[in-house]
Amino acid sequence: AIHHLCRSHHLQIKSFTTVVQPREFPINASMLGRTLASSSSRTVASAAVARLGVSSPLRQTRGVAAVASRLVIDNACNCNSTTQHSSLIDSRSYVTTSSVLFASSDRSEPSNRWFSTAAAVADEPTEESTSEDVFVPTPERKYKYFQNVELTPEGVAIIRFDNPDKKYNTVNKFLRDEAMALWNDEIHNSSNVKSVVFTSGKPDGFIAGADIFDIQSVENKQDLVPFIEEWLNFFQHMKSKDIPMVCAINGPALGGGLEWALWCDYRICTDSPTTKLGLPEVKLGLLPGFGGTQNLFPLVGLQGAMDMMLTGKDIRAPKAKKMGLVDQVVAPASLEKVAVDTALGLAEGTIKKSTPKKKSLMNRFIEDTPIGRNMMWKKVEEMVQKNTNGNYPAPNAIISCVKYGLEHPSGNDKYRFEREEFAKLAATSESEALIGIFDGMTQMKKNTFGELAHPVSTVAVMGAGLMGAGIAQVSAEKGYRVLLKDRDDAAIGRGESYINDNWGKKVKRRRMTQYQYNKNSSNVVGLTDDSVSYEKHFGNADMVIEAVFEDIDLKRRIVKQVEEVTPEHCVFATNTSAIPIADIAEGASRPDKIVGMHYFSP
């Protein structure tokens, strides 16, 4: 966020040094000033520290009190300009309690690039910034990124990804090094291992993708070429063992996670709503770099592969099975057992390895004949131009990689071409900007307010019209108990019919199971003013969402009615588009519990 702000105000970061302070010595403003201020820039840095108001000890993060960024001010700059910019940073609330950055004002160079793309992140520090937090192997936990390998009596090795520091597993250079050591020590040279199952030790996540910091931390993006080559060498080293590898997926398998799965011989995923597969790199201005542009299209066909890579869309389990991306779809509870049985069957020859799905006559013409391919590429390029207007280089690079692979099907040249194109894209301002947007959106999704004083389990929705019914629908889908209230049975009936019709369409399109439909339906309780039990139901409400007409008198009456029957902690959220919240809260007995919570059409 600081990088974005500096860039928007034409500030350029010349260089930085991480300063790690032991936890016994918390950093304060004066210490930070002494640490950061060199003889040539002491006044400037001290002024910036004072202006930022860093006086309390910085928050400790995993054994390290703070990581402060030191800026070397190369060009002449006076105290007033730096103080002004630090004030901008402070007023925009972009400085966290564990990261401070100073920038020099330099408009003389017309560069549009940041000089540094690495910064400390308070809640998710990079490995480099937490070097003191060294993993110590124990017999119960030999690896940081994996649970201990389990070998069944039949010779199936179960390798479970499990990074205890994160909600979802991600692939990074440290995981790769540990995976290589694990593979060599326990798999590659063992005659007892007949097949391997890759799965996750987390209940609802496989691998959510590659760690974006691996890209951001590389100053010269051409250095990514040998970095990716090491990954490819590792995957091919695994393949050289020549034993069946099965990938068992529950939850997200995105980016590098799906590319790992593509190197396996067989893929099984669950029908869980959290399971999704995709290659979303194009959304970051990049392309799949671990062999994805070469390994996907032989499996699902050119048209399916290009659609996945050029849009970055998520593929749910039913469609993944239909297009040949996975071989089986099972319930989450049976995933590991089915995967182990399949791995053993592959090793013993009772189950055949995954093969590309048979193409229809039309698809064979489009994808496998020169005339058909020319027509397809023309259409693909027209769609890319229409959607990007030539402003994004990643889609065209993806097309080039696939074409190169078709022209050079054997050998490793196709992978070399892919990683070289990846490095070129990583150096573009488009990729840098898209990664910045992604990072900002990720940070915005985090709860920075601490533990909930009153967790929400029951939500009441006032108004069963189009908006109210839609809010009730999405709330019930998230697992909340929903009280849907309107003036009479006819209004409630229309709202419930709208909700059930939408769920019925999802079931028909296989986007929802009948079990989920039944479960969601049971979460919705219809109530009216005449309902004998409505006051008792509302006595358990943790939040009330009002979605009635834009009539201030009506909204105030509803506030009064709700306050009479709900508990003290209940929050009243109005979905108003234009009426000031303070006006709605006028005359309320608990005005501090009234908030605005506007939904766009759910």
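See the structure printed just above.
Let us look at the structure shown here. (Residues numbered from 1 in each chain as written. Predicted model: local features only at pLDDT ≥ 70, side-chain atom pairs only at ≥ 80, totals over all residues. Heavy atoms only, no water.)

1. Examining the pattern of salt bridges
Pairing is possible between side chains that carry opposite charge, provided their charged atoms lie close to one another. Keep this limit in mind: Salt bridges are identified by distance alone: a Lys or Arg side-chain nitrogen within 4 Å of an Asp or Glu carboxyl oxygen. Each helix is a run of H or I in the DSSP string that is no shorter than four residues. Each strand is a run of E no shorter than two, and both are numbered from the N terminus. Here the term buried applies to any residue with accessible area under 20% of the maximum for its type, exposed to any over 50%, and partly exposed to those in between, with areas from a 1.4 Å probe on protein chains only.
With the rule as written, the count across this model stands at 30 salt bridges. A salt bridge links Asp-211 to Lys-166; the shortest N-O distance between them is 3.5 Å. Of this pair, Asp-211 sits in the loop between strand 7 (195-200) and helix 6 (213-216) while Lys-166 sits in the loop between strand 6 (156-161) and helix 5 (173-188), and the two are 45 residues apart along the sequence. Of the residues examined, Asp-211 reaches a relative accessible area of 13% and is grouped as buried. Judged by its relative accessible area of 25%, Lys-166 falls in the partly exposed class. Arg-416 is paired through a salt bridge with Asp-413; the nearest N and O atoms lie 3.8 Å apart. Taken together, the residues Arg-416 and Asp-413, both in helix 17 (residues 413-426) and 3 residues apart, mark about one turn of the helix. Linked through salt bridges whose partners overlap, the residues forming this network are Arg-141, Asp-162 and Lys-202.

2. Focus: a nonpolar patch on the surface
This is how the line gets drawn: Patch construction takes residues with relative accessible area above 30% that form no salt bridge. Like charges are linked within 9 Å, and nonpolar side chains (Val, Leu, Ile, Met, Phe, Trp, Tyr) are linked within 5 Å. To be clear on the numbers: accessible area is Shrake-Rupley with a 1.4 Å probe, and residue cover counts the displayed protein chains and nothing else.
On the surface, Met-362, Phe-365, Ile-371 and Met-375 cluster together to form a nonpolar patch covering roughly 430 Å² of accessible area. Looking at the nonpolar patch, the elements with two or more residues in it are helix 14 (361-368) and helix 15 (370-388). Take Met-362: it is sitting in helix 14. Residue classification places Met-362 among the exposed positions, given a relative accessible area of 53%.

3. Focus on the sheet that holds strand 13 (residues 458-462)
For clarity, the threshold we go by: Two strands qualify as a pair provided DSSP detects at least 2 bridges between them. To get an axis, fit a line to the C-alpha atoms, keeping to the stretch in contact for a helix; angles then go from 0 to 180 degrees between the N-to-C directions. In what follows, a contact means two residues having at least one pair of non-hydrogen atoms within 4.5 Å.
If you trace the 6 strands from one edge of the open sheet to the other, you get 15-14-13-16-17-18, paired in parallel fashion. Taken across any chain shown, the strands that pair with only one partner, and hence form the sheet edges, are strand 15 (524-528) and strand 18 (594-596). Averaged over neighbouring strand pairs, the angle between their axes works out to 25° when direction is ignored. Seen against the sheet, helix 19 (residues 466-477) touches strand 13, strand 14 (481-486), strand 15 and strand 16 (543-546) and runs at an angle of roughly 170° to strand 14. Along the sheet, helix 20 (residues 489-508) makes contact with strand 14 and strand 15, crossing strand 14 at roughly 140°.

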